[in-house]
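Observations on the three-dimensional arrangement
Given next are the chains, with one letter for each unit.
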Amino acid sequence: ASLELEAVDLVSLVRDTIQGLRLIAARKNINIDFEIGDGVYIPPVLGDYIRLKQLLIIFVDNAIKYSPEHTCITISMRWGEYVYIIVRDQ
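The following paragraphs examine the structure supplied in this document. (Residues numbered from 1 in each chain as written. Predicted model: local features only at pLDDT ≥ 70, side-chain atom pairs only at ≥ 80, totals over all residues. Heavy atoms only, no water.)

For the rest of this paragraph, the subject is the environment of Leu23. Tracing the backbone shows Leu23 in helix 1 (residues 10-26). Linking Leu23 and Leu46, residues 23 residues apart in sequence, is a C-alpha distance of 30 Å. (Helix = DSSP H or I, 4+ residues; strand = E, 2+ residues; numbered from the N terminus.)

Spelled out as structure tokens, the structure:
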């Protein structure tokens, strides 16, 4: 399968992905926080939206599966030479 490259807004991708996983996390009383500083600009990246979303789902789903109940998963982003999406769990 070939990649469908397009300009991807990663902030929207992360928000959409988290929204879809909050119900799964809530079953274990796990909160998902998305931290991005006020006024922080994350530029669009060239990528395949569907594949990037699939990867993020895998990472966050694993964090939910392997985190204890009543904990928090934090997703943050930063931009330097590259755009980083950081998933922290317990």
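Another point: unusual backbone geometry. Among all residues save glycine, negative phi is the norm, and among peptide bonds the norm is trans. For Asn29, which is not glycine, the phi torsion reads 55 degrees and is therefore positive. Its place among the elements puts Asn29 in the loop between helix 1 and strand 2 (31-35). Classification of Asn29 by relative accessible area gives partly exposed; the value is 44%. The backbone of His70 sits at a positive phi, close to 60 degrees, despite the residue not being glycine. For His70, the location among the structural elements is in the loop between helix 2 (49-66) and strand 4 (72-79). On the accessibility criterion, His70 (60% relative accessible area) is exposed. (Buried < 20%, exposed > 50% of the residue type's maximum accessible area, 1.4 Å probe, protein only.)

Looking now at the pattern of salt bridges. Tallied over the entire structure, the rule returns one salt bridge. Two residues, Lys65 and Asp61, come together in a salt bridge whose shortest N-O distance is 3.2 Å. Of this pair, Lys65 and Asp61 are both found in helix 2, four residues apart, which corresponds to roughly one turn of the helix. (Salt bridge = Lys/Arg side-chain N within 4 Å of Asp/Glu carboxyl O.)

This next bit is on the sheet that holds strand 5 (residues 83-88). Overall, mixed pairing links the three strands, which are arranged 2-4-5 in an open sheet. This sheet does not close on itself; its edge strands, each paired only once, are strand 2 and strand 5. Sheet twist, expressed as the mean angle between neighbouring strand axes with direction ignored, is 15 degrees. For strand 2 and strand 4, the ladder comprises five bridges, and the chain directions are parallel. What sits directly across from Phe34, in strand 4, is Ile75. Contacting strand 2, strand 4 and strand 5, helix 1 crosses the sheet at an angle of about 170 degrees to strand 2. (Pairing = 2+ DSSP bridges. Axes fitted to C-alpha atoms, helices over the stretch in contact; angles between N-to-C directions. Contact = heavy atoms within 4.5 Å.)

Moving on, we get to the pairing of strand 4. Pairing analysis gives six bridges linking strand 4 to strand 5, with the strands arranged antiparallel. From the neighbouring strand, Thr74 faces strand 5, where its bridge partner is Arg88. Between strand 4 and strand 5, which pair antiparallel one after the other, the connecting turn spans three residues.

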